[in-house]
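Geometric and topological summary
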Amino acid sequence: MKQDMIAVLDLGSTENSRLARAIRALGVYSEIHPHDISADALAALPNLKGVIINGGPNNIVNGVPVEAGDFVYHGSVPVLVVNHHNGPLPCSIATLPEDDEILKTALRPFLFGVCKAHPGWNMADFISDQMERIRRQVGNGKVLLALSGGVDSSVVAALLIRAIGPQLYCVHVNHGLMRKGESEQVVEVFQNQLKANLAYIDASERFLGKLAGVADPEQKRKTIGAEFIRVFEEEARKLSGIDFLAQGTIYPDIVESGTKTAKAVKAHHNVGGLPADMHFELVEPLKYLFKDEVRQCGLALGLPASMVYRQPFPGPGLGVRCLGAITRERLAAVREADAILREEFEKAGLSGKVWQYFTVVPDFKSVGVKNGARTFEFPVILRAINTVDAMTATVEPLSWTLLGRITERILAEVPGVNRVLYDCSPKPPATIEWE
Amino acid sequence: MSSKVIIIDYGSQVTQLIARRVRESGVYSEIHPCTVTAEEVRAMRPSALVLSGGPASVGEPGAPTLDPGYLELGVPVLGICYGMQLLAEHLGGRLTRSQVREYGPADLVMSGESPLWKGLDTTKSTRVWMSHGDTVQAPPPGFRVTAHTATLAVAAFAPDSPSTRPVYAVQFHPEVHHSVDGDAMLRNFLFTVAKITPDWSMTSFVERVISEVRAAVGDRQVVCALSGGVDSTVVAVLLHKAIGKQLHCIFVDNGLLRSGEGEEVVTYLRDHLDLNLKFVQAQDRFLNLLKGVTDPEKKRKLIGHTFIDVFEEEARAIGKVDFLAQGTLYPDVIESVSPKGPSAVIKSHHNVGGLPKKMNMKLIEPLRELFKDEVRRVGKELGLPDSIIWRHPFPGPGLAIRVLGEVTRERLDILRKADLIVQAELKASGWYRKVWQGFAVLLPLRTVGVMGDDRSYDNVVALRVVDSVDAMTADWTRLPCEIMARISGRIINEVKGVNRVVYDISPKPPSTIEWE
C-alpha cells in the first residue's frame, strides 16, 4: 500500500465507519483498528500519518473505561481525539458533526495541516495495488471463487480475472432461488465477455427437492446454506490443486463482527462451513472497502452498472420471499412479480434511489373474481424501503400512480395471483425481509 | 307516485347510474332488462324511456335488439351509447363498425340546437365521457346532428322538427360524473323534453311505505333480523313507525361484530326508540362451531346456517308471526343483463333468504326500491344518528371472514383492536364518509420482526379501504400518505401481537373487497 493512512481507533462508538469514510472521501486512506492495538501493530501500519481516537458514549464496558495505550498518545504520529477526555493534547474535536460535509471540513486541518497526509487514495491505484498483492500472494496457485452474482463476489471475480486470469476458477451455483435473469447475466458477463473459467451448476431441482415441505424459516435458511456448501464442495473436489479461496468480504463485515456487543439476528449465509479437510488460504481483496467503494471498483473494472448497483439480495435468495414451504408455483410468482417491480422502478427512475425493493408471496390464498367467476389465489406483497445501515429502515413513500401501475401489471401478468399489498411497516418493529 | 322513468338495460356497467341521476332529480326511475316487452312497459305507465349503453355491437349475432313498440308508447325516448345506435339503426340512420373502442374523456361541441343543451354555453365545448366501439355515421331521416367531437361526426342527434317523434340520442354517457354537464342534459330531457313533475322525495317515500305496511300487516306480527348495519336499522325504524309493538326485532351477537357497533344499535333502538328488541348472546355457540374451520366457504355457510337456527328459535318464542322484514335494496332486485348469460355466483351470499320458506312467513322488503344513498336519506328523514346512517357496509359473517384462516377469540381481539384504530383514524381525518368501506384484515401468518435486541414472530394486519359505487367494482382508495402512516404506525405500536401492516392496493376485479 503506497497511500498515506490515518488509523481510527475504535473505543465503542457507532460512528467509526462514518469517520473512516469521511477521511477516505477526502482522498486519504483510513482503517479502523481496535482501541487496544499493540505498539508493534500500530507501528507496522504502512504509511501511517495520523491516529484518531474516536470516543463517544459507549466507552465504558463492564465498568472498565475503554482507553487506547499510552504509547499512542506519546508516539511519533499526530493524534486527534474526538469526544473523549484524555490528557493535554493539541488536537481535539468535542463531537462528531452530524453533517458529512461539515465533518470533512472539521477533519481537513488535521489531515492536511498537522499530518501532512497526501490525498492519494483513488480506485485506479487501489486496483493496481491489489493486483500486485494478489499476484504476490497466489503465485502460480489456483484460486476458487463462489460467484453468486451479487455485487461483492462479482467485483472480486473481475479483480481476480484481471490479476491472474486463468488461475481463477469460478463456480456459480444456481439454487433455483435467483431473481429473473440473474444466472443468465453471470454466465454472459463472466463466461462470454470476461472469458473466466466458470462452472455453471444448475442445482435448482436439487435445492427445491431438499426444500419441499420445509416451512420453518430458520430451517429453510439452514437447508439452503448446507446444500450450497455441499454443491460447492462437490465442484471444488472436481478441481485439483486449488490452494486459495477468494471471498467477497468487505470492510463493514470486519468492522461489524469486531464489535463484541452486537447480537446476530439471523444465521448468516456465506461460504464458511466447508469441511475441515479442505483448507484453503483466503484471498479477500475487498476487505478494506466500503460498499460504495466496492461499486466504484466494479465500475472501474468494467462491470455493467446493472450488476454493480444490484440491490442487496439475501443468500437464500427468493427462498425467504416465498414464505413457508416453497412451491414452484409461488416461487415463479415471486420471481415474475419481482421482475415487474424492478422494471417499473427502473422506468420511474427509482432504481438507485430506493435502497431495496422486492416482492414476497405468502402461503395463503384469498378470494377474487375473474370473468365473473370466483378465484382463490395468492397475494403478492410489495416492499420498498430506505435505510442507511440496514439496522433501521423506513418505508419508501411511493406515488400511488406507480403503485397502481405495478399492481395492474402483476394482476394481469403473473398467474395464480389475485391481490397486491404494499408493506407499510418500518424496521423496527418489522424487519426488511419477511422471514 | 305519478311520474316514472323506465330505463331499458342493455348491459352497460353504468346503467344504475342513470337511474340514480334521474332519482336525484326528484323523478322515480326503474331499471328493466332489455327483454321487457313494450306492452309490459306500457303497463308501468312511464313518463319517459331511457335506453342504456351496452357492450354489444348492433346487428352482431346475439346482440340485444330494440322492441319497436318502445317508440309507439307516446313518451319521449333518450338513447345513450348502444341505445343511440339501436335507435339510429331502427330509424334508418347509418352505423359504422369499429374494432377499436374509444374510452375516456372527449370535448363535445354542441353544434346543433337541442333542448338537451338548454341553459348550457354552447359557444364552448364541454367535457364528456365516451365508451364505445361502433359509431353513428349519419342520423336517421327527420333527425339532425346536434353535437360532434374531434373524432366523432355524430355525437348526438335530435328531431328535426316538433312534429317528429321525441327521440333523442347521445353517444357519450351523461350519467357519469366525468361528463361535466351530463346532469344538466339529463334534467333537460326530464323536465324540458318530457315535462315531468319531480315528485320523488324521501318524505313522500316514508309516508307511502308506512301506509302500505299498515295496510298489508293489519294487526298481525312482523319479525326483523337486525345486523347492526344501516339497512336493517332503517327497516326497523320505518316499521316501528308504521306498526309499533307489532314489530319484533332480533339482534344476534355472533361474537363476530366490530367493537361497540352492535351495542350502539341496540341501545339506540331499544332504549331510545323503545322497540321490541331481543338481544341474543350467541357468541359461544358461533365461536365453538368455528373451531378448526379454515375454509372461507365453510365459514360462511356455518355462520349462515347457525344464524338461521338461532333466529328461528328466537322467532318461535315470539309466538305467531306472519311476516319477515328484510333490508333488501334495489341493486339486489335488478335483474342483471349480460350478453354472455347470467353471471357466475361470486360468493354464497349471507342473508336470511332461506328463512321464509322454512318458517312459512311472507316477506316485507320496504327498501327494495331504493339505492344505498337513498336508504341513508331515509335514515336521515327518520332521525337516525349519523354514526349509524354512515356506517360502512359490513358482511353477514362479520369479522370471521376478516380473520383469515382459523377464527379464535384471541385473533378476533387482535383484529378488533386494529379495526377500531382504522375506523377512528378514517373518521378523524374526514375520510370515513368519502370511502365505500374501510377495515382491517388479520392475515394467517407470522413474520419476523425485532423488539429491542430480540427477534419477534408476530401478526400481520392488512388495511383495506376502497372506493365503490355499487360494490360490483371497486378501486383501492388513494389515502394520503400521512394518514396511511398514522394508521399503520398506531396499529403497530398499540396492538399487541402485530408487527407489520400492509395496504391492499388491488382493484375489484380481479380482487374482491372482502378477502374470503
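Right above here is the structure, for reference.
By convention here, each chain's residues receive numbers from 1 onward along its written sequence. Written order determines the labels here, with chains lettered from A and ligands numbered from 1. Residues qualify for local features only when their pLDDT is at least 70, as the model is predicted, and side-chain atom pairs are given and counted only at 80 or more; totals for whole chains, interfaces and linings, by contrast, use all residues. Side-chain measures were taken over the full set of non-hydrogen atoms in the model, leaving aside hydrogen atoms and water.

1. Looking at the sheet that holds strand β2 (residues 29-34) of chain A
Residue and element names in this part refer to chain A. Cut-off, in case you're wondering: Here a strand pair is declared whenever DSSP counts at least two bridges between the two strands. Counting from the N terminus, the helices are DSSP H or I runs at least four residues long and the strands are E runs at least two residues long. All axes are obtained by fitting lines to C-alpha atoms, using only the stretch in contact for helices, and the reported angles, taken between N-to-C directions, cover 0 to 180 degrees. Contacts were defined at the residue level, with two residues in contact if any of their heavy atoms lie within 4.5 Å.
The sheet built from five strands is open, its strands ordered β2-β1-β3-β6-β7 with parallel pairing. Each edge of the open sheet carries a strand with a single partner, namely β2 and β7 (91-93). The average angle at which neighbouring strand axes cross in this sheet is 25 degrees, direction not considered. Strand contacts of helix α1 (residues 16-25): β1 (5-10), β2 and β3 (48-54), with the helix running at about 155 degrees to β2, the strand carrying the most contacts.

2. Observations regarding the interface of chain A and chain B
The test is simple: When two parts are brought into contact, each loses some accessible area as probed by a 1.4 Å sphere; the total of that loss over both is the buried area. The working definition used for a salt bridge is a side-chain nitrogen of Lys or Arg within 4 Å of a carboxyl oxygen of Asp or Glu. Put simply, Ala, Val, Leu, Ile, Met, Phe, Trp, Tyr, Cys and Pro go in the nonpolar bin, Asp, Glu, Lys and Arg in the charged bin, and everything else, Gly too, in the polar bin.
Listed by partner, the interface residues are 45 residues for chain A and 46 residues for chain B. Together chain A and chain B conceal approximately 3600 Å² of surface at their shared face, both sides included; 67% is due to carbon and sulfur atoms. At the boundary of chain A and chain B, one finds four salt bridges. Its salt-bridge partner being B:Arg500, residue A:Asp423 comes within 2.7 Å of it at the nearest N-O pair. Grouping the amino acids of the side of chain A that touches chain B by side-chain chemistry returns 25 nonpolar, nine polar and eleven charged. In this structure, strand β17 (residues 417-423) of chain A lies alongside strand β20 (residues 498-504) of chain B, joined through three bridges in antiparallel fashion. Opposite A:Leu421, over in β20(B), you have B:Asp504 as the bridge partner.

3. Considerations on the environment of B:Thr306
Residues and elements named next belong to chain B. Among the secondary structure elements, threonine 306 is positioned in helix α9 (residues 296-318). Measuring from C-alpha to C-alpha, the distance between threonine 306 and valine 41 comes to 42 Å, with 265 residues separating the pair along the chain. Every residue in contact with threonine 306, bar those within four places of it in the chain, is listed here: Arg285, Phe286 and Leu289.

4. Let's talk about the packing of helix α8 (residues 283-290) of chain B against α9(B)
Residues and elements named next belong to chain B. The criterion, for reference: Each angle receives one of four descriptions, namely roughly parallel if under 35 degrees, roughly antiparallel if over 145, roughly perpendicular if within 65 to 115, and oblique otherwise. In this scheme, a crossing is called left-handed if the near helix is turned counterclockwise away from the far one by less than a right angle; it is called right-handed if the turn is clockwise.
Axis separation between α8 and α9 bottoms out at 10 Å; the angle between their running directions is 150 degrees. Judged by the inter-axis angle, α8 sits roughly antiparallel to α9. α8 and α9 meet at a crossing whose hand is right-handed. Residues Arg285, Phe286, Leu289 and Leu290 of α8 lie in contact with α9, whose contacting residues are Lys299, Leu302, Ile303, Thr306, Phe307, Asp309, Val310 and Glu313. Here the contact of α8 with α9 is built from residues that sort into seven nonpolar, one polar and four charged.

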